[in-house]
Amino acid sequence: DSPEEAVFTGYLDAGGKLYVESGDLFAYEHPDNLMPYFSMDEALLSDGANDLFDVSGVAGTFTEGYYYVYGGENSWVDHIFPAGDAEQVVISPGDDAGSGVTFDAGDYMTACFSFEVGMLEDGDFTKAEFMNGLMDWFGGEEPPPPTLSLTLTPYDPEPIEIPADGGYVEFDATVTNNTGDAVT
């Protein structure tokens, strides 16, 4: 168990959500202690070849209907497939090789891609749409408004200048309770 794997496995054991993209992590480097967290079919896992030119989404997943030309690194791109309750979410349409797997274990979630998402070329769908779909799958929500907000208003409406040797500026401070409940 490498120190890096221990950090990731500890994070996932604590209920974390982990997103990984790497062309060689799974088949070539094969992090033994981390692999079970991704629920991949290790019998189908292969080191791939120089054959990833485009990727397609998979019906019934957040990527359904997506298609992208891929312009990134293309050497030994791992072919990855799900096991158990994991889902195939991206394939290489040229050879139907798996290139993206998500897994919701209930108490942690993982998503892995064997390509650089940042090197997908925007077309009918954008990289931002891909990542927004992934964040939605992870259960992403708008953060709640802050419990309290602080507004500082300078006493003097003139531009604020603080001399090089130091100084001070006086402000009015307004604290707003954004919840409607008492805050202690």
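Everything here concerns the structure above.
Source: prediction; values computed, not measured.

Analysis parameters
- Residues numbered from 1 in each chain as written.
- Predicted model: local features only at pLDDT ≥ 70, side-chain atom pairs only at ≥ 80, totals over all residues.
- Heavy atoms only, no water.
- Phe/Tyr/Trp six-rings, centres within 6.5 Å; stacked < 30°, edge-to-face > 60°.
- Helix = DSSP H or I, 4+ residues; strand = E, 2+ residues; numbered from the N terminus.
- Buried < 20%, exposed > 50% of the residue type's maximum accessible area, 1.4 Å probe, protein only.
- Patch = residues over 30% accessible without salt bridge, like charges linked within 9 Å, V, L, I, M, F, W, Y side chains within 5 Å.
- Areas by Shrake-Rupley, 256 points an atom, 1.4 Å probe, with all protein chains shown as cover.
- Salt bridge = Lys/Arg side-chain N within 4 Å of Asp/Glu carboxyl O.
- Lys, Arg positive; Asp, Glu negative; His and termini not counted.
- Charge placed at Lys NZ, Arg CZ, Asp CG, Glu CD.
- Pairing = 2+ DSSP bridges.
- Core = buried A, V, L, I, M, F, W, Y, C linked by side-chain atoms within 4.5 Å.
- Contact = heavy atoms within 4.5 Å.
- Polar contact = N/O pair within 3.5 Å; in protein donor to acceptor, adjacent residues only side chain to side chain.

**Student:** Lay out the packing of aromatic side chains with the relevant residues and their values.
**Tutor:** The final tally for this structure, using the stated rule, is 12 aromatic pairs. Here Y19 and F113 contribute two aromatic rings whose centre-to-centre distance is 5.9 Å and whose plane-to-plane angle is 55°, an arrangement assigned as tilted. Here Y19, found in strand β1 (residues 17-21), pairs with F113, found in strand β6 (residues 109-113); they are 94 residues apart in sequence, far enough to count as distant. Ring geometry for Y70 and F115: centres 5.8 Å apart, planes at 75°, overall edge-to-face. Of this pair, Y70 sits in strand β3 (residues 67-70) while F115 sits in the loop between β6 and β7 (120-121), placing them 45 residues apart in sequence. A relative accessible area of 2% means that F115 is categorised as buried.

**Student:** Please set out a negative patch on the surface residue by residue, giving values where relevant.
**Tutor:** Residues D13, E87, D104 and D107 make up a contiguous surface patch of negative charge. Note on placement: D13 falls in helix α1 (residues 3-13). Accessibility expressed as a relative area gives 53% for D13, which makes it exposed.

**Student:** Describe the sheet that holds strand β2 (residues 54-57), naming the residues involved and giving the relevant values.
**Tutor:** With mixed pairing, 7 strands are arranged side by side in an open sheet as β1-β6-β5-β4-β2-β3-β7. Whereas interior strands pair on both sides, the edge strands pair on one side only; in this sheet they are β1 and β7. Taken together, the 2 bridges between β2 and strand β4 (residues 87-92) define a ladder with antiparallel strand orientation. Of the residues in β4, the one forming a bridge with S56 is I91.

**Student:** So, the nonpolar core: which residues are in play, and what are the values?
**Tutor:** If you look at the biggest cluster of nonpolar residues, it comprises 18 residues, and the most contacted ones within it are V55, V90, F113, F115, L120 and F130. Those elements that provide at least two residues to this core are β3, β4, β6 and α3 (127-137). No other element matches β6, which puts 3 residues into this core. When sequence neighbours within four positions are dropped, the list of residues in contact with V55 reads Y66, Y67, Y68, V90, I91, P93, S99, F115 and L120. One finds Y37, M40, A86 and V101 within the second-largest nonpolar core, a separate group that totals 17 residues.

**Student:** Quick rundown of the side chain of T110? Include the residues and the values.
**Tutor:** Relative to the helices and strands, T110 is located in strand β6. The buried category is assigned to T110, whose relative accessible area is 1%. A distance of 2.9 Å separates the side chain of T110 from the backbone oxygen of Y37, its partner in a polar contact. In this structure, T110 is in contact with L12, L18, Y37, F38, V101, T102, F103, W137 and F138, ignoring residues within four places of it in sequence.

**Student:** Requested: an account of a nonpolar patch on the surface, with residues and values cited.
**Tutor:** On the surface, a cluster of nonpolar side chains totalling about 580 Å² of accessible area is made up of L150, L152, I160, I162, F171 and V175. Elements supplying a minimum of two residues to the nonpolar patch: β8 (148-154) and β9 (171-177). On the secondary structure map, F171 appears in strand β9. Look at F171 and you get partly exposed, because its relative accessible area is 34%.

**Student:** So, the environment of Y11: which residues are in play, and what are the values?
**Tutor:** Tracing the sequence through the fold places Y11 in helix α1. Judged by its relative accessible area of 41%, Y11 falls in the partly exposed class. Residues Y11 and Y108 lie 97 residues apart in sequence; the distance between their C-alpha atoms is 8.9 Å. Within polar-contact distance, the side chain of Y11 engages the backbone oxygen of K17 at 3.1 Å.

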